[in-house]
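If you want the building blocks of each chain, they are given just below.
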Amino acid sequence: MPLSVTATAPLHEQTPFEHEVATHLVDAVQLDMDPHDIDPETPLFGEGLGLDSIDVLEIALMVNTQYGIKLESHDDNNREIFHSLRSLAHYIEAHRPS
Amino acid sequence: MSANTWLRPEKGNLVIGRLLIWVALHLGYHITALFRWPATLYYATFYPSVRRASWRYLTHLHNVGRGQQPHYGMVLAHIYAYSTNILDRIYLLSGRFPPHKIHIHGRDYLLDALKQQKGCIIMGAHIGSFDVLRYFGIDAPVRFRMLMYRRFLGETSRLIETLAPTFQADLIELGHADSMLTTFNALKQGEVVGILADRAHDDSRSVPVTFLGQTARLPAGPHQLAARTGAPVVLVSAIRQKNGSYHIACRRLTDTLSQGETQSTLHPHILAYARWMEDLCEQNPYAWFNFFDFWEEGL
């Protein structure tokens with residue numbers, strides 16, 4: 001079911017790479033909002049964007065498909081990686097194969 | 001989050017829990033079994049929501065022609081069945097339940113499903129014994145893990161679970177960002193994952209279906225997970241028989257769900273799951289262990 005989120009201007013600016021990730025993310029979880037409107041520092045899970053654990057799985061699969069990075073289960077860093085668009089984009093940039 | 005009343009701290013009393021376990025482990029099954037009626041009367045007296053939830057369920061069962069006209073004796077019998085379930089938990093988790101009293105039927109469904117090498121989802125409900133269902137999973141030739149929502153787990157349940165040293169290791173706890181990622185990877189590795197798929201905890205991820213004549217919300221997540229992973233789904237129930245043994249029955253829910261399934265196309269599968277639960281309730285009216293406002297009608 002597409003999620004509906006009230007569109008408000010993000011408080012923090014997206015970097016070009018964050019915008020790219022946001023575009024893939026919106027597509028992966030069928031989020032009913034413009035990728036531009038995602039505040040890069042808003043929590044993805046639970047409060048904030050309101051994504052759940054199945055959405056997080058979809059994002060992990062998207063990261064694997066788009067960037068060739070396999071996110072491991074029970075990684076202690078998962079909470080940090082999936083915290084926000086910014087933390088996710090940061091993780092992808094640091095781990096994508098060159 | 002849904003307003004579902006199961007998302008509240010579980011009822012129970014730690015002192016009574018400790019006493020019950022001590023008696024069970026030192027004085028034996030038959031002595032401990034005598035505590036069931038006082039426990040039943042205690043819950044029936046001091047927990048009106050439990051009593052009302054039981055009455056509501058028995059009424060719905062009767063109204064769809066699958067159960068007799070409810071009376072208060074049935075409510076007591078229902079709570080009594082739950083106290084028996086708790087009693088058996090102590091013996092099952094501490095490894096003192098006689099294995100010859102667990103009869104597995106349809107294990108081939110599981111073995112056939114595993115041949116596909118896509119893991120397997122054992123889908124159950126809060127009908128009958130969750131621990132016997134777990135026993136069935138542990139018996140599988142591959143690693144078995146149980147998906148559980150534990151934030152509101154009561155002290156008594158935690159206490160009882162300490163009787164099984166491997167209980168925690170076999171869990172995937174729901175409610176974390178990476179719960180489904182862990183489950184997905186477990187299935188990809190060919191493992192068996194047990195899910196009780198009758199309690200919704202998120203409105204956006206649940207769908208309304210008719211269950212015992214009334215609308216109830218059932219979670220779509222387990223079915224979406226099945227579709228996403230391609231893991232076959234086997235429905236499993238573990239019901240206590242009158243002689244104290246357990247009967248495990250399996251049924252295939254559907255052939256493999258395909259990746260393109262959306263929440264709406266999954267609806268028939270969720271409906272099939274609801275029909276399976278209805279049949280179980282009709283055959284075992286007191287095995288329903290959802291003592292909360294399941295239909296969200298207000299208790």
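Residues numbered from 1 in each chain as written. Chains lettered and ligands numbered in written order. Predicted model: local features only at pLDDT ≥ 70, side-chain atom pairs only at ≥ 80, totals over all residues. Heavy atoms only, no water.

1. Things to note about the overall build of chain A
The following threshold applies: A run of H or I in DSSP becomes a helix once it reaches four residues, and a run of E becomes a strand once it reaches two; helices and strands are each numbered from the N terminus. Note on exposure labels: buried denotes an accessible area under 20% of the residue type's maximum, exposed denotes more than 50%, and partly exposed covers the range between, all computed with a 1.4 Å probe on protein chains only. What makes two residues a contact is simply this: any of their non-hydrogen atoms within 4.5 Å.
Scanning chain A from terminus to terminus reveals 4 helices and 2 strands. If you list the helices and strands of chain A from N to C, you get β-α-β-α-α-α. Per-residue burial over chain A gives 44% buried out of 98 residues. When contacts within chain A are restricted to residue pairs at least 6 apart in sequence, long-range pairs at least 24 apart make up 63% of them.

2. As for the pattern of salt bridges
Side chains that differ in charge, positive against negative, can pair when their charged atoms come close. Formally: The salt bridge criterion pairs a side-chain nitrogen of Lys or Arg with a carboxyl oxygen of Asp or Glu, the two atoms within 4 Å.
A complete count under the given rule lists 15 salt bridges over all chains for this structure. A salt bridge links B:Arg150 to B:Glu161, with the nearest nitrogen and oxygen atoms 2.8 Å apart. Taken together, the residues B:Arg150 in the loop between strand 3 (144-148) and helix 8 (155-161) and B:Glu161 in helix 8 connect sequence positions 11 residues apart. Among the residues examined, B:Arg150 registers a relative accessible area of 4% and is labelled buried. One salt-bridge network, held together by shared partners, links A:Glu18, A:Glu41 and A:Arg86.

3. Some remarks on unusual backbone geometry
Residue and element names in this part refer to chain B. We note that Leu212 has phi near 50 degrees; this positive angle belongs to a residue other than glycine. Within the secondary structure, Leu212 is located in the loop between strand 6 (206-211) and strand 7 (214-219). Despite not being glycine, Glu296 has its phi angle at roughly 50 degrees, a positive value. Relative to the helices and strands, Glu296 is located in the segment after helix 11 (267-283). Assessed through its relative accessible area of 35%, Glu296 is described here as partly exposed.

4. Quick notes on the packing of aromatic side chains
Residue and element names in this part refer to chain B. In plain terms, the rule: Here is the rule: rings of Phe, Tyr and Trp (six-membered ring for Trp) pair when centre to centre is within 6.5 Å. Planes less than 30 degrees apart are stacked, more than 60 are edge-to-face, and the remainder are tilted.
In the structure shown here, the tally under the stated rule is 22 aromatic pairs over all chains. Here Tyr42 and Tyr47 contribute two aromatic rings whose centre-to-centre distance is 6.1 Å and whose plane-to-plane angle is 70 degrees, an arrangement assigned as edge-to-face. Judged by relative accessible area, which is 19%, Tyr47 ranks as buried. Arranged with centres 5.6 Å apart and planes meeting at 35 degrees, the rings of Tyr273 and Trp276 form a pair that is tilted. Linking Tyr273 with Trp276, this pair stays in helix 11, spanning 3 residues, or about one helical turn. Taking relative accessible area as the criterion, Trp276 reaches 6% and is therefore assigned buried. Ring-pair connections join several aromatic residues into one group, and the members of that group are Tyr57, Phe211, Trp288, Phe292, Phe294 and Trp295.

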